[in-house]
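Architecture at a glance
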Amino acid sequence: MSGHQGIVVEGTGGVWLVRATDGTQVNAALAGRLKQEERSKIKLAVGDHVTVEPEETGQGWRITEIATRGNVLARREPGGRYGERVLAANIDQVLVVFAIAKPEPHIRMIDRFLVVCESNELKPHLVINKVELAESESVVDALAKPYEMAGYPVHRTSVPRGDGLEELRSVLHGKVTAVTGPSGVGKSSLLNRLHPGLNLRIGEISESVNKGRHTTVGAKLIPLPDGADGYLVDTPGLREVGMWGLPSGALDLCFPEFGPYLGECKFQDCAHDIEPSCAVRAALSKGVLNRGRYESYIKLLGELQDSEKTR
Ligand code: GDP
Ligand code: ZN
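Just so you know, these numbers come straight off a predicted model, no measurement behind them.

Some thoughts on the site of ligand 1
Around ligand 1 there are 16 residues in total, and Glu132, Val159, Gly184, Ser188 and Ser189 lie nearest to it. Asn129 has a polar side-chain atom sitting 3.2 Å from a nitrogen atom of ligand 1. One of the backbone N or O atoms of Val185 is found 3.3 Å from an oxygen atom in ligand 1. When ligand 1 sits alone it has 580 Å² of accessible area, and the protein chains cover 68% of it. Counting residues per element, the shell around ligand 1 draws most heavily on helix α5 (residues 187–194), at three residues. Among the residues making up the shell around ligand 1, the classes are represented as five nonpolar, eight polar and three charged.

A look at empty space enclosed by the protein
Inspection of every chain in the model, using the stated rule, returns two cavities of 30 Å³ or more. Looking at the second largest cavity, its volume works out to about 30 Å³. For the second largest cavity, the full set of lining residues is Leu95, Val97, Leu168, Val179, Lys187, Leu190 and Leu191. Elements with a minimum of two residues in the lining of the second largest cavity: β8 (93–99) and α5. Broken down by element, the lining of the second largest cavity gets its largest block of residues, three residues, from α5.

Examining the environment of Gly230
Within the secondary structure, Gly230 sits in the loop between β12 (220–223) and β13 (231–234). The class of Gly230 is buried, set by a relative accessible area of 5%. Sequence-wise, Gly230 and Leu172 are 58 residues apart; in three dimensions their C-alpha atoms are separated by 6.5 Å. The residues touching Gly230, leaving out its near neighbours within four places in the chain, are Leu172, Gly174, Lys175, Ile222, Pro223 and Leu224.

What about the packing of helix α2 (residues 107–119) against helix α9 (residues 291–310)?
Where α2 meets α9, the axes come as close as 10 Å, and the angle between the chain directions of the two elements is 65 degrees. Taken as axis vectors, α2 and α9 run roughly perpendicular relative to one another. Here the hand of the crossing between α2 and α9 comes out right-handed. For the pair α2 and α9, contact is made by Ile107, Arg108, Asp111, Arg112, Leu114 and Val115 and by Gly292, Arg293, Glu295, Ser296, Lys299, Leu300 and Glu303, respectively. Per-class residue counts for the contact of α2 with α9 are four nonpolar, two polar and seven charged.

Observations regarding unusual backbone geometry
Cis geometry marks the peptide bond from Lys102 to Pro103; its omega dihedral reads 0 degrees. As for its placement among the helices and strands, Pro103 is situated in the loop between β8 and α2. Within the chain, Glu121 stands out as a residue other than glycine whose phi angle is a positive 55 degrees. Take Glu121: its relative accessible area is 67%, and that puts it in the exposed class. Located in the positive-phi region is Asp226, a residue other than glycine, with phi close to 60 degrees. Relative to the elements of secondary structure, Asp226 occurs in the loop between β12 and β13.

Here's the deal with the coordination of the zinc ion (ligand 2)
The protein atoms that coordinate the zinc ion (ligand 2) are Cys265 (SG), Cys270 (SG), His272 (ND1) and Cys278 (SG), at distances of 2.1 to 2.4 Å. Geometry at the zinc ion (ligand 2) is tetrahedral, judged from the four donor atoms that bind it and their angles of 103 to 115 degrees at the metal. Taken in chain order, the donor set of the zinc ion (ligand 2) reads C-x4-C-x1-H-x5-C. This pair shows no difference in class: Cys270 is buried, exactly as His272 is.

A look at the pairing of strand β11 (residues 176–180)
For β11, a buried count of five out of five residues is recorded, marking the element as mostly surrounded by other parts of the structure. Note: β8 against β11, four bridges, orientation parallel. Residue pairing for β11: Leu95 is matched across the bridge by Val179. Direction of pairing for β11 relative to β13: parallel, over a ladder of three bridges. When the bridges of β13 are listed, Ala178 appears paired with Val233.

A few points about the side chain of Ser296
You can see Ser296 is positioned in helix α9. Classification of Ser296 by relative accessible area gives buried; the value is 1%. Within the structure, the side chain of Ser296 is placed 2.6 Å from the side chain of Arg108, a separation counted as a polar contact. Residues in contact with Ser296, not counting those within four places in the same chain, are Ile107, Arg108, Asp111 and Phe255.

What counts as what
Residues numbered from 1 in each chain as written. Chains lettered and ligands numbered in written order. Predicted model: local features only at pLDDT ≥ 70, side-chain atom pairs only at ≥ 80, totals over all residues. Heavy atoms only, no water. Near = heavy atom within 4 Å. Polar contact = N/O pair within 3.5 Å; in protein donor to acceptor, adjacent residues only side chain to side chain. Areas by Shrake-Rupley, 256 points an atom, 1.4 Å probe, with all protein chains shown as cover. Helix = DSSP H or I, 4+ residues; strand = E, 2+ residues; numbered from the N terminus. Nonpolar A, V, L, I, M, F, W, Y, C, P; charged D, E, K, R; others polar. 1 Å grid on protein atoms, 1.4 Å probe; cavity = no way out; pocket = protein on both sides within 12 Å on 5 of 7 lines; lining within 4 Å. Points joined across faces, edges and corners; volume = space filled by probe spheres on them. Buried < 20%, exposed > 50% of the residue type's maximum accessible area, 1.4 Å probe, protein only. Contact = heavy atoms within 4.5 Å. Axes fitted to C-alpha atoms, helices over the stretch in contact; angles between N-to-C directions. Parallel < 35°, antiparallel > 145°, perpendicular 65-115°, else oblique. Left-handed = near helix turned anticlockwise from the far one by under 90°. Donors = N, O, S within 2.8 Å, 3.2 Å for Na, K, Ca; no water. Tetrahedral: all angles 85-135°; square planar, octahedral: opposite > 155°, others 65-115°. Pairing = 2+ DSSP bridges.

Okay, here's the thing in structure tokens:
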């Protein structure tokens, strides 16, 4: 008989908590054969889809297969050693949450979050919360526009007024979602409002998202309560994951709206900064690309180039 399918929801090595679609959970260790492989190739992580089978002794379970992965969320080993640690695998999407006011949105920071998502092959959704605090709808639209033009889904939400909550609920449905954004923008309020059963556990999410974790505690998948299908990823902040490993020459690929111009510059390795006959800058002067997004690009480019020089 073949084994049972499940998803790894917790564990940092040794014993893993595996959850089946029907909600049953078992503790399982890697089968000996996979342990060998793990040393040389992939390390099992939260979010991996696995097959578990009962031990021959009838006591406990073992993981006999690991399905091919999609993306991974990885970071530098604690202590800054070179090498990466996979925190979670197969993350379907990231909610990058900001508020229209209290606190004021910080454009450079939004763009940085989006680049971190892009460089890790994570699919971001922008959530603009507290929209009832905006003077008018056009203030919200002005913030949203460059991101919508770049092709990102943008969700306008308000916890007290209820705007966008059903839309956000359907975004979470059936997906593995990481939630990030600065402190105080309403991440916990939104998630609790959508899924009241999360209650205290949300504290963990906010805590880790805001402050990061400097310990070796791994990520965790939190099943959406109330019978909802889907998971939230409780991970150290994306900021900590950072742009690590991204070559400066690949930064332009992390701005999807630059895409149509990238092959059109005079120099193949154009950084779209001071080079002549740059198609990105031409699009900028025509007003087809957004100035603020371009300025974020230049700022992040400088950071990446500096870190390449010091390496
Ligand atoms: P987190 O740090 O991102 O998890 O933010 P919290 O959920 O703790 O919310 C921070 C503050 O913003 C709390 O006082 C919430 O009541 C408030 N808040 C959350 N969502 C909204 C909203 O849509 N509108 C307004 N006006 N306040 C909100
Ligand atoms: Zn260029």
